[in-house]
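The chain contents come next:
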Amino acid sequence: MSHSSSAFDVIVIGAGAAGLMCAAVAAGRGKRVVVLDHNDQPGRKILISGGGKCNFTNRTVTPAQYLSANPHYATSALKRFGPADFLDLMKRHRIAWHEREHGQLFCDNSAADIVAMLLSECGAGGVEVVLEAKLGAVTGEGPFQVATSRGGYCAPALVIATGGLSVPKIGATGFAHTLAGRYGLSVVPPRPGLVPLTFTGADLDLMRDLAGIAVPAELRFGKTRFREALLFTHRGLSGPAVLQISSYWLTGQPIMVNLLPDLDANARLLERKAARPNAQVETVVGELLPARLARALTERAGLLGRPIGQSTNAALAGLARLLSEWPLVPAGSEGYRTAEVTLGGVDTAGLSSKTMAAKSHPGLHFIGEAVDVAGWLGGYNFQWAWSSGWVAGMSV
Ligand code: FDA
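Calculation criteria
- Residues numbered from 1 in each chain as written.
- Predicted model: local features only at pLDDT ≥ 70, side-chain atom pairs only at ≥ 80, totals over all residues.
- Heavy atoms only, no water.
- UniProt positions renumbered as here; feature names shortened; annotations may be inferred.
- Helix = DSSP H or I, 4+ residues; strand = E, 2+ residues; numbered from the N terminus.
- Buried < 20%, exposed > 50% of the residue type's maximum accessible area, 1.4 Å probe, protein only.
- Areas by Shrake-Rupley, 256 points an atom, 1.4 Å probe, with all protein chains shown as cover.
- Pairing = 2+ DSSP bridges.
- Axes fitted to C-alpha atoms, helices over the stretch in contact; angles between N-to-C directions.
- Near = heavy atom within 4 Å.
- Polar contact = N/O pair within 3.5 Å; in protein donor to acceptor, adjacent residues only side chain to side chain.
- Nonpolar A, V, L, I, M, F, W, Y, C, P; charged D, E, K, R; others polar.
- Salt bridge = Lys/Arg side-chain N within 4 Å of Asp/Glu carboxyl O.
- Core = buried A, V, L, I, M, F, W, Y, C linked by side-chain atoms within 4.5 Å.
- Contact = heavy atoms within 4.5 Å.
- Domains from an automatic or database assignment.
- Parallel < 35°, antiparallel > 145°, perpendicular 65-115°, else oblique.
- pLDDT = per-residue confidence, 0-100.
- Phe/Tyr/Trp six-rings, centres within 6.5 Å; stacked < 30°, edge-to-face > 60°.
- Lys NZ or Arg CZ within 6 Å of the ring centre and 35° of its normal.

The record in UniProt for the protein states the following under Cofactor (unreviewed entry): "FAD".

Draft legend 1. Spotlight on the overall build of the protein. Helix and strand content of the protein: 13 helices and 23 strands. By its C-alpha atoms, the protein is 85 × 40 × 35 Å across when sized along the principal axes. Across the 396 residues of the protein, 55% fall into the buried class. Element-wise, carbon and sulfur atoms account for 52% of the exposed surface of the protein, whose accessible area totals about 16200 Å².

Draft legend 2. Spotlight on the sheet that holds strand β7 (residues 104-107). With respect to topology, 3 strands assemble into an open sheet ordered β4-β7-β6, the strand pairing being antiparallel. Both edges of this open sheet fall to β4 (55-58) and β6 (97-99), since each of them pairs with a single strand only. The mean inter-strand angle of the sheet, taken between neighbouring strand axes irrespective of direction, is 30 degrees. One ladder, built from 3 bridges, connects β6 with β7; its direction is antiparallel. Of the residues in β7, the one forming a bridge with H98 is F106.

Draft legend 3. Molecular detail of the UniProt feature "domain: RsdA/BaiN/AoA(So)-like insert" (unreviewed entry) in the protein. In the numbering used here, UniProt assigns the feature "domain: RsdA/BaiN/AoA(So)-like insert" (unreviewed entry) to residues 191-341. Its end C-alpha atoms 9 Å apart, residues 191-341 is made of 36% helix and 23% strand.

Draft legend 4. Layout of the site of the ligand. Close to the ligand lie 30 residues, the nearest being A18, D37, T173, E369 and F382. Taking G379, its main chain carries an N or O atom lying 3.4 Å from an oxygen atom of the ligand. Within the backbone of N381, one N or O atom sits 3.3 Å away from an oxygen atom of the ligand. Isolated, the ligand exposes 990 Å² of accessible area, and the fraction of that covered by the protein chains is 92%. Looking at which element gives the most residues to the shell around the ligand, the answer is helix α13 (residues 380-395), with 4 residues. Counted by class, the shell around the ligand contains 12 nonpolar, 14 polar and 4 charged residues.

Draft legend 5. Region of the structure containing the pattern of salt bridges. Tallying each qualifying case throughout the model produces 14 salt bridges. The salt bridge partner of R59 is E99, with a shortest N-O separation of 2.9 Å. On the criterion of sequence distance, the pair formed by R59 in the loop between β4 and β5 (66-67) and E99 in strand β6 is long-range, its members being 40 residues apart. Overall, the relative accessible area of 40% leaves E99 in the partly exposed class. Here R300 and D203 are joined by a salt bridge, their closest N and O atoms 2.9 Å apart. Within this pair, whereas R300 is found in helix α11 (residues 291-300), its partner D203 is found in helix α7 (residues 201-209), the two being separated by 97 residues in sequence. According to the relative accessible area criterion, D203 is buried, its value standing at 18%.

Draft legend 6. Structural context of the nonpolar core. One finds F56, F86, I114, F366, W384 and W386 to be the most contacted residues of the largest nonpolar core, which totals 81 residues. Those residues within four positions of W386 in sequence are excluded, and the remaining contacts are A17, M21, I46, F56, F81, F86, I114 and L118.

Draft legend 7. Inspection of the domain arrangement of the protein at higher detail. Here the domain parsing of the protein yields domain 1 (10-192 + 340-395) and domain 2 (265-327). For domain 1 and domain 2, the distance between their C-alpha centres works out to 50 Å.

Draft legend 8. Focus on the UniProt feature "domain: RsdA/BaiN/AoA(So)-like Rossmann fold-like" (unreviewed entry) in the protein. The feature "domain: RsdA/BaiN/AoA(So)-like Rossmann fold-like" (unreviewed entry), as given by UniProt, occupies residues 9-394 in the numbering adopted here. Structurally, residues 9-394 comprises 32% helix and 24% strand, and the distance from its first C-alpha atom to its last is 13 Å.

Draft legend 9. Molecular detail of the packing of helix α4 (residues 83-92) against helix α5 (residues 112-124). One can describe the packing of α4 onto α5 by two numbers: an axis separation of 11 Å at closest approach and a directional angle of 85 degrees. Between α4 and α5, the interaxial angle falls into the category roughly perpendicular. On α5, the residues that touch F86, L89, M90 and R92 of α4 are I114, M117 and E121. The residue makeup of the contact of α4 with α5, split by class, is 5 nonpolar, no polar and 2 charged.

Draft legend 10. Quick look at the environment of V373. Topologically, V373 is positioned in the loop between β22 (364-366) and β23 (374-375). Judged by relative accessible area, which is 2%, V373 ranks as buried. For the pair V373 and S68, spaced 305 residues apart in the sequence, the C-alpha separation amounts to 4.9 Å.

Draft legend 11. Looking closely at the confidence of the model for the protein. When the pLDDT values of the protein are averaged, the result is 97; 99% of them are 70 or greater. Among the prediction metrics, the complex's ipTM stands at 0.99, with pTM recorded as 0.97.

Draft legend 12. Looking closely at the packing of aromatic side chains. Under the defined criterion, the tally for this structure stands at 11 aromatic pairs. Ring geometry for F382 against W386: centres 5.5 Å apart, planes inclined by 15 degrees, an arrangement best described as stacked. One end of the pair is F382 and the other is W386, both in helix α13 and 4 residues apart, which spans about a single turn. An aromatic cluster is defined as three or more aromatic residues linked by ring pairs; in this entry it consists of Y66, F226, Y248, W376 and Y380. We note R100 situated over the ring of F106; from NZ or CZ to the ring centre the distance is 3.6 Å.

Here's what the structure looks like:
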C-alpha cells in the first residue's frame, strides 16, 4: 500500500465542522492537506443544524458551558480561537447573522453558507477533499498510512475529526474511539447528550395527554439548573431545558422540575385559598399554567373538582411540590438517533490542550466531538469544533 500512497503533510479524517476548519488552517500555513470522508457531501451536520440556520457559536463562551472529565482542557483552545475569531471569518465571507436569546448566533440565510465558507477556505489552500472514501486500515505513526476505497494516503500528521456517535443516519460512527483505543489512548465511555428524555407508566400517561404543551420551567439535576422551555411529548419530555439537563442526568435518578420558578407556589395557593375559597383548585392553578397542565397536576394531587377553601393545607402543599419541585425519573433517552451531541470520547488526559495531539503519538491529533468535550445547547459544540480544529491546524 505505501508504494502507491499519495503523500501529504496532513491527513484529516472527517469533513465536518472541526475537520474542515483544521484543514483550511493547516493549508493556509502552506501544508499539503487531504480530507477524507465516507459521506458523499461535506458538513452534513452543519447543514441540518439549528433548523437549517446553524447556531454556529455563542456570544459568551467559557469552559463552564462544557462537560468533560477535565473541565480545563478546552480553556486554551477556546481562548486562542474564540467566537470573535469565527465572526471575523464570517465577516470576510460576508455571511450575515443574527443573535437570538441566550446569546445564540445563527446565520440569517442558511447553514449552507458556513459549509461554503469552509470549503472556500480549504479551496484557497489547495486542500483535496475526498468524499465517499470507505476507510480501511490506519497504520504507522509518522508517517501514518491510511487505506481507503479511494486509494491510499500517507502523511506525518493525522487528524481524527470524525465526531461522535450522534445521528448515525447521517454518517456518525465510533471511528475515533476505536482508533484511539488501537493507539493505546483511553476513551471516556460515550453516551448521548442534548437528547429528549423518555418515561414510562403513569408519568408517560400524563405526558402523552399533555403532548404539544410547552411551558417555561427550571429543570435541576444536582446543582445544575437550566431555565428554558419544557415540552411535553408522546414519549416524554423535550425542549431546550430538557436537552440541556439530559447531558447531566444519570440513569435512575430524578430530575426536579419547577414549573413556577418565579413564584412561591405554596404561598400562592394559601393566598388564593383565603381570597377565593369557592374557586376550584384547577382554576386557581390555571391562572398560572396552561389549563390542561393545571388540570392534570391538580388531578395528580387528588384535588380535581375540589373548591380550594375545602382543601387541606397539607394537600395544597403536596400540589405546590408538584408545581415547584416535581421529581421525575426518566426511563431513558431517545439515544443517538436524535442526540445533538455525544458525551465522553477520547480521554483528554492523553491529549495536549495546546496541539490536540496524543501525548504518546505526537503526529496523531483528535479534535471536535470525538474528544471528551461536549458543550451545552446554544452554539457551544460548533465553537469547540472551530477552536479545536484551529489549534490542530496551527500545530500540524
Ligand atoms: P461532525 O459530525 O460535524 O463531522 C464528522 C465527519 O466525520 C462527518 O462528515 C462524517 O461523515 C465523518 N465520519 C464519521 N465517521 C467516519 C468514518 N468512519 N469514515 C469516514 N468519515 C467519517 N451544535 C451547535 O453548536 N449548534 C447547533 O445549532 C447544532 N445543531 C445540531 C443539530 C443536530 C440535529 C445535531 C445532530 C447536532 C447539532 N449540533 C449543533 C452539534 C454539532 O453539529 C456537532 O457537535 C459538530 O458537528 C461536531 O463537529 P465534528 O467536526 O467534530 O463532527
